[in-house]
Amino acid sequence: MMRGRVAYAGAIHEAYPDANGVRLADGRVRREDEVVWLAPIEVGTIFALGLNYAEHAKELQFNKQEEPLVFLKGPGTVIGHRGVTRRPADVTFMHYECELAVVIGQTAKNVKRDNAMQHVAGYMIANDYAIRDYLENYYRPNLRVKNRDGGTVLGPWFVDAADIEDVTQLELRTFVNGTRQQHGNTRDLVTDIPALIEYLSSFMTLAPGDVILTGTPEGIVNVNAGDEVVCEIDGLGRLVNTIACDADFNRA
Amino acid sequence: MFALADHLLHPEGETLPRDVDARAAAALLARGTACRAPVRGAVYGTLLNDRAALAALGDAVHAAPYKAPPQAPVLYLKPRNTLAGHRARIVVPDDALGVEVGASLGIVVGRTATRVGVAQAFDYIAGYTLVADLSVPHASVYRPSVRFRARDGFCVVGPAVVASHHVATPDNLAIRVQLGSRDAFTASTASSVRNVAQLLADVTDFMTLSAGDVITLGVPHGSPVAHIGDTATLSIGAMPPLTVSFVGPAEHEGEQP
């Protein structure tokens, strides 16, 4: 089952795909652009993986790491489908990252690889923006690069794990203004989902609603204000985001 | 909704937190009451905000992997599994390494803080609390050390959030950590690279802090290391002190459903 969360007519609704747009839980059907899309779930802890596709690591000139490169993100960075993300005027390289987001469904502590997948509730698409101009080599990638307001786009849907036949064979694609710039497949994850759950749960307790952004494949390019960025993952839908400029936010 | 009038604390076993005056808080704590963390928002830690910590890195900031001194605030998350309260018993994962007990001023945000100016920063602060920001000691600060900083119970907060009208000089508070029978570790919030207002201004330029969120002013350099069997008592200024005990992992091992 695919479900989203939208704001419409003064309330927040669970919503489902419909041939004519989106169907709210109360039966109303509306066009996709008549509702405001929120992240499909209220997220708990957000983990993100760096350099988790071999070709992308090569693209950034990194060698294979000794352990997964994990960092954490706060709740304020999350926005939904059809949102806008600000590109500061002073930067030269801001890029999208299309990622498979894994949502934890059961408390997980010291979980072994063989049991790991039963702790997964489902999946979402994530577009995890980064601004490389702000990279500093302290707890890199630092939060100014990776935890910006509006920098983590989630949605449009949360899809039950049972509905994805083989999560290790999903194509990921990113289009900028209609041109495909990024293309990968989850079969190329350096550390796969069961291994990530085993690793994280070996030193901390995972809880329902926690989200693991599993990393992005190669094919990152700079985006500019006005660009439309669309991330697709097989079976999970199509996540749209638009880049906005400082002036939209009343910044000089 | 987050609201704070005086001393907000959440005694273990009670459904809701209490907001009481200093005398009532002291009386409650004098009875040995254990507490939950008095906050439920996001908790952000601030790295390298003690001038002594930066000085200790010395010329290393110009060499690989750092290559340049830090410019923007360096932050990290203390996720929800790390939250614990007064009199918590925290598992030491490896007693040979121990656990560093970083005593930090926790700045508790009172209302949505986005692009806050230095001059207005205190309007956005509801109060302050103590944060025992625990970590497995690690020398390199190149990569985000989630495995060292985000273990269960590694962010002990409280006992109380103290309303800002009780804390006149947040940028000049004595910090003290008493660990076992050793000499107390002492430091001060006055040695911060960014003071409270500057930190809030620089951080909220790129990320919003919400009511009930906490950002630490940062752990003092040279914080003491606890081992199994130790009890630490942290105090900052005149706020109620925070107690944390350290235990072995044996009783907590094994896969959980």
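Cut-offs used in this document
- Residues numbered from 1 in each chain as written.
- Chains lettered and ligands numbered in written order.
- Predicted model: local features only at pLDDT ≥ 70, side-chain atom pairs only at ≥ 80, totals over all residues.
- Heavy atoms only, no water.
- Helix = DSSP H or I, 4+ residues; strand = E, 2+ residues; numbered from the N terminus.
- Rg over C-alpha atoms; globule rule 2.2 N^0.38 Å.
- Buried < 20%, exposed > 50% of the residue type's maximum accessible area, 1.4 Å probe, protein only.
- Contact = heavy atoms within 4.5 Å.
- Areas by Shrake-Rupley, 256 points an atom, 1.4 Å probe, with all protein chains shown as cover.
- Lys, Arg positive; Asp, Glu negative; His and termini not counted.
- Charge placed at Lys NZ, Arg CZ, Asp CG, Glu CD.
- pLDDT = per-residue confidence, 0-100.
- Salt bridge = Lys/Arg side-chain N within 4 Å of Asp/Glu carboxyl O.
- Phe/Tyr/Trp six-rings, centres within 6.5 Å; stacked < 30°, edge-to-face > 60°.
- Lys NZ or Arg CZ within 6 Å of the ring centre and 35° of its normal.
- Pairing = 2+ DSSP bridges.
- Axes fitted to C-alpha atoms, helices over the stretch in contact; angles between N-to-C directions.
- Disulfide = S-S within 2.5 Å.

Caption draft 1: Up close: the overall build of chain A. Each helix and strand counted, chain A has 4 helices and 19 strands in total. Here the C-alpha radius of gyration of chain A, 17 Å, is about what a compact globule of 252 residues would show, namely 18 Å. The principal-axis extents of the C-alpha atoms in chain A amount to approximately 50 × 45 × 30 Å. Counting the 252 residues in chain A, one finds 58% classified as buried. Taking all contacts inside chain A whose residues are at least 6 apart in sequence as the whole, residues at least 24 apart take part in 72%. If you sum the accessible surface of chain A, you get close to 9,800 Å²; carbon and sulfur atoms cover 46% of it. Charge-centre separation for chain A: the mean point of 25 positive side chains lies 3 Å from the mean point of 35 negative side chains.

Caption draft 2: Up close: the overall build of chain B. In terms of helices and strands, chain B carries 4 helices and 17 strands. Referenced to the eigenvectors of the C-alpha coordinate spread, the extents of chain B come out at roughly 50 × 45 × 40 Å. Taking all 257 residues of chain B together, 55% fall into the buried category. Here chain B contributes 20 positive and 22 negative side-chain charges, whose respective centroids are spaced 2 Å apart.

Caption draft 3: Spotlight on helix α4 (residues 196-204) of chain B. All names here are of chain B. Taken across its 9 residues, α4 has 7 buried, putting it largely inside the fold. Every buried residue of α4 is accounted for by Val 196, Ala 197, Leu 199, Leu 200, Ala 201, Val 203 and Thr 204. Those residues of α4 hidden inside the fold are in contact with β4 (43-47), β5 (74-78), β8 (99-109), β9 (125-135) and β14 (214-216).

Caption draft 4: Spatial organisation of the environment of A:Ala244. Residue and element names in this part refer to chain A. As for its placement among the helices and strands, Ala 244 is situated in strand β19 (residues 237-244). Residues Ala 244 and Val 35, 209 residues apart in the sequence, show an inter-C-alpha distance of 20 Å. With residues up to four places along the chain from it excluded, the contact list for Ala 244 reads Val 84, Thr 85, Arg 86, Arg 87, Ala 225 and Phe 249.

Caption draft 5: Local environment of the confidence of the model for chain B. Averaged over all residues, the pLDDT of chain B equals 95, while 97% of them reach at least 70. Listed scores for the predicted complex are pTM 0.95 and ipTM 0.94.

Caption draft 6: Quick peek at the pattern of salt bridges. Taken as a whole and judged by the stated rule, the model has 22 salt bridges over all chains. One salt bridge in this structure joins A:Arg238 and A:Glu232, with 3.9 Å as the shortest N-O distance. Its relative accessible area of 18% is what places A:Glu232 among the buried residues. A salt bridge links B:Asp202 to B:Arg194, with the nearest nitrogen and oxygen atoms 2.6 Å apart. Judged by relative accessible area, which is 24%, B:Asp202 ranks as partly exposed.

Caption draft 7: Summary view of the packing of aromatic side chains. Enumeration over the complete set of coordinates arrives at 4 aromatic pairs over all chains. Between the aromatic rings of A:Trp37 and A:Trp157, the centroid separation amounts to 5.2 Å while the plane-to-plane angle is 85°, which identifies the pairing as edge-to-face. Remark: A:Trp157 occurs in strand β14 (residues 152-160) and A:Trp37 occurs in strand β5 (residues 36-38); sequence separation between them is 120 residues. For the residue pair A:Trp37 and A:Trp157, the accessibility class agrees, reading buried in each case. The ring centre of A:Tyr134 lies 3.8 Å from the NZ or CZ of A:Arg144, which sits over that ring. If you follow B:Arg149 out to its NZ or CZ, it ends over the ring of B:Tyr76, 4.3 Å from the centre.

Caption draft 8: Quick look at the sheet that holds strand β18 (residues 228-233) of chain A. Residues and elements named next belong to chain A. In spatial order, the strands read β9-β19-β18-β15-β16; together these 5 strands make up an open sheet with mixed pairing. Because the sheet does not close on itself, it has two edges, and the strands there are β9 (83-86) and β16 (179-185). Ignoring strand direction, the axes of neighbouring strands in this sheet form an average angle of 25°. As paired elements, strand β15 (residues 171-176) and β16 share 6 bridges and run antiparallel to each other. Paired with Glu 171 across the two strands is Asn 185, which belongs to β16.

Caption draft 9: The state of the cysteines, seen in detail. All names here are of chain A. Applying the stated criterion across every chain, the model contains 0 disulfides over all chains. With no disulfide of its own, Cys 98 lies 4.2 Å from the sulfur of Cys 231, the closest cysteine sulfur. The buried category is assigned to Cys 98, whose relative accessible area is 0%.

Caption draft 10: Local environment of the sheet that holds strand β16 (residues 231-236) of chain B. Residues and elements named next belong to chain B. Ordered in space as β7-β17-β16-β12-β13, the 5 strands form an open sheet in which the pairing is mixed. Whereas interior strands pair on both sides, the edge strands pair on one side only; in this sheet they are β7 (88-91) and β13 (185-188). When the angles between neighbouring strand axes are averaged without regard to direction, this sheet yields 20°. By the bridge criterion, 5 bridges tie strand β12 (residues 174-179) to β16 in an arrangement that is antiparallel. Counted as the bridge partner of Gln 178 is Thr 233 from β16.

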